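Residue-level structure breakdown
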Amino acid sequence: QVQLVESGGGLVQAGGSLRLSCAASGRTYSMGWFRQAPGKEREFVGSFSWSGNTNYADSVKGRFTISRDNAKNTVHLQMNSLKPEDAAVYYCAANSKTLSTTYYDVWGQGTQVTVSS
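A brief look at the structure comes next. For clarity, every value in this text was computed on a predicted model and none was experimentally measured. (Residues numbered from 1 in each chain as written. Predicted model: local features only at pLDDT ≥ 70, side-chain atom pairs only at ≥ 80, totals over all residues. Heavy atoms only, no water.)

**Examining the sheet that holds strand β1 (residues 4-7)**
Reading across the sheet, the 4 strands line up as β1-β3-β8-β7 and stay open at both edges, with antiparallel pairing between neighbours. This sheet does not close on itself; its edge strands, each paired only once, are β1 and β7 (64-69). Averaged over all neighbouring strand pairs, the angle between strand axes comes to 15 degrees, with direction disregarded. Relative to strand β8 (residues 74-79), β7 runs antiparallel, the two being bridged by 6 bridges. (Pairing = 2+ DSSP bridges. Helix = DSSP H or I, 4+ residues; strand = E, 2+ residues; numbered from the N terminus. Axes fitted to C-alpha atoms, helices over the stretch in contact; angles between N-to-C directions.)

What follows is the structure, given as structure tokens:
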């Protein structure tokens, strides 16, 4: 069973930047990031497909960038121009079984991102 370990969360002022990382213990295909703020449902942030395509939620386009290091089986989420509404627990997800870009069967434990105004 593949496991995901996230790192890089923390406290940042509005307008600042943070970089999240997610390391997978085994082979994965598409990998993505989701977030969940208190009292809200988990929402899609962005993904990096097995073919190298990226996809982002409208709310983060132009501010967040996903990159992937295949040699290290790691995906990164660079978050710039952070806003208070970006504050949430961020989860890394991966598809370890199929080439689907919307199915994720492995989830990380989450890392907290706090943005002060």
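**A few points about unusual backbone geometry**
Although it is not a glycine, Asn73 sits at a positive phi angle of roughly 50 degrees. By the element assignment, Asn73 lies in the loop between β7 and β8. Judged by relative accessible area, Asn73 falls into the buried class, the value being 15%. In the Ramachandran plot, Ser81 falls in the positive-phi region, its phi being about 50 degrees despite a non-glycine side chain. Within the element layout of this structure, Ser81 appears in the loop between β8 and β9 (88-94). Residue Ser81 is classed as partly exposed on the basis of its relative accessible area, which comes to 40%. (Buried < 20%, exposed > 50% of the residue type's maximum accessible area, 1.4 Å probe, protein only.)

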